[in-house]
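Take a look at the letters that make up each chain.
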Amino acid sequence: MNGKVPEAPAWFARALADEPARSSISLRGVEVEMLTWGAVGMPGLLFLHGKGAHADWWSFIAPFFSSRFRVVAISWSGMGRSGWRETYPEHVLVEEALAALEAGGAFSSSVKPIIVAHSFGSLMAAGLCRRMGDRLRLVALVDPPFFSPETVARRRQRWTSSAPKAHRVYGSIEEALRRFRFSPYQPCENLFIADFIARRSLVRVEEAGGVGWRWCFDPRHWAPDRQNAIHEWPGPTGVPLAVIIGSESALYTPDDIRYISEACPAGTALVTIPQAAHHVMVDQPIALVSALRAVFAGAGE
């Protein structure tokens, strides 16, 4: 990206034109960013993003559902425009997701809400199921960290030598955009989506030398002990489950895919999105929308 906004297709412009209401939830002394679409009283739909991301990763997906759902998305504390904490235990992030369901009006309908979680957000979706599975209609996990204990051990070993590093401050937005990368790294053909996400991942900072720009997530989220994963789906909760995986995702080996299929409850919808890497909404956004609509319909949407 060279600083210019790439040309985008018409569907993307239409989606962004359905702008969310922006607010925040106060939880344990920290303001948590919340975006909402659709009318209160319609069935609830909560989108949970991955590590290092933010609520606006869903801003071009959520509008496809805003005519039929009360849609809610949050930025985890330490990410997006949310405040930072000293530590980020998973049970606190689960509380943030529950607070979003309540404050965002996702429980205002007589129909139980749906959870869609990408990557790291799947851990908190699992936590919600353990805590209140009987209040949910469906959970859809998009490229989740769903691994065997052996795979998690290998992943943690790779991370033991890493340590959180303070963000570099860039002198201009253009300089920062040139440094934007997905994690795990992947190429991206939809530069208009990468540009949109990257611009909303930057915050303006003032230092002694003047004004600069840095990434908006707390580096402490990248500590080695954050290499947690789902080994088995919590249950029995009775809540239907769907797992949507990018066919080119760098997260999984063939053995991991087999493990997921064996560890998921009977009746789990297992969907593969062709030509999508880990960040499925970036690579194949329309295919992801179609897959979500299909699994929603299967849950009685």
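Thresholds applied
- Residues numbered from 1 in each chain as written.
- Predicted model: local features only at pLDDT ≥ 70, side-chain atom pairs only at ≥ 80, totals over all residues.
- Heavy atoms only, no water.
- Pairing = 2+ DSSP bridges.
- Helix = DSSP H or I, 4+ residues; strand = E, 2+ residues; numbered from the N terminus.
- Disulfide = S-S within 2.5 Å.
- Buried < 20%, exposed > 50% of the residue type's maximum accessible area, 1.4 Å probe, protein only.
- Expected span 1.5 Å × (residues − 1).
- Arc of directions from axis to C-beta.
- Axes fitted to C-alpha atoms, helices over the stretch in contact; angles between N-to-C directions.
- Parallel < 35°, antiparallel > 145°, perpendicular 65-115°, else oblique.
- Left-handed = near helix turned anticlockwise from the far one by under 90°.
- Contact = heavy atoms within 4.5 Å.
- Nonpolar A, V, L, I, M, F, W, Y, C, P; charged D, E, K, R; others polar.

### Considerations on the pairing of strand β1 (residues 21–27)
Regular strands place side chains that alternate from one sheet face to the opposite one.
Moving on, step 1. Summarising the sheet, β1 and strand β2 (residues 30–37) pair through seven bridges and their orientation is antiparallel. Bridging from a neighbouring strand, Ser23 pairs with Met34 of β2.
Moving on, step 2. Once β1 ends, the chain turns through two residues before running back antiparallel as β2, passing Arg28 with a positive phi of about 55 degrees.

### Re the state of the cysteines
Here a disulfide denotes a covalent bond joining the sulfur atom of one cysteine to the sulfur atom of another.
Moving on, step 1. As enumerated under the stated definition, the model contains zero disulfides in all.
Moving on, step 2. Cysteine Cys129 shares no disulfide, and the gap to the nearest cysteine sulfur, in Cys264, comes to 12 Å.
Moving on, step 3. Classification of Cys129 as buried rests on a relative accessible area of 2%.

### What to know about helix α9 (residues 285–298)
Moving on, step 1. With 14 residues, α9 extends 20 Å from end C-alpha to end C-alpha; this agrees with the ideal 20 Å at 1.5 Å per step.
Moving on, step 2. When we look at burial in α9, the residues that qualify are Pro285, Leu288, Val289, Ala291, Leu292, Val295 and Phe296. Looking down the long axis of α9, one finds its buried residues gathered within 165 degrees of arc, a one-sided arrangement.
Moving on, step 3. At the exit of α9 stands Gly300, carrying a positive phi of roughly 90 degrees.

### Let's talk about the sheet that holds strand β9 (residues 241–246)
Moving on, step 1. Judged by pairing direction, the sheet is mixed, and its eight strands sit side by side in the order β1-β2-β4-β3-β5-β6-β9-β10 without closing on themselves. Both outer strands of the open sheet, β1 and β10 (269–273), are each paired with one neighbouring strand and no more. Averaged over all adjacent pairs, the angle separating strand axes in this sheet is 20 degrees, with direction ignored.
Moving on, step 2. In the sheet, strand β5 (residues 114–118) pairs with strand β6 (residues 138–142) via five bridges, with the strands oriented parallel. By the bridge assignment, Ile115 is partnered in β6 with Val139.

### Some thoughts on the packing of helix α1 (residues 10–17) against helix α6 (residues 191–199)
Moving on, step 1. At a closest axis distance of 11 Å, the pairing of α1 and α6 adopts a crossing angle of 25 degrees. Accordingly, the angle class assigned to the pair α1 and α6 is roughly parallel. Read as a crossing pair, α1 and α6 show a hand that is right-handed. Side by side, α1 and α6 meet where Trp11, Phe12 and Leu16 of the first sit next to Phe192, Ile193 and Phe196 of the second.
Moving on, step 2. Partitioned by chemical class, the residues of the contact of α1 with α6 number six nonpolar, no polar and no charged.

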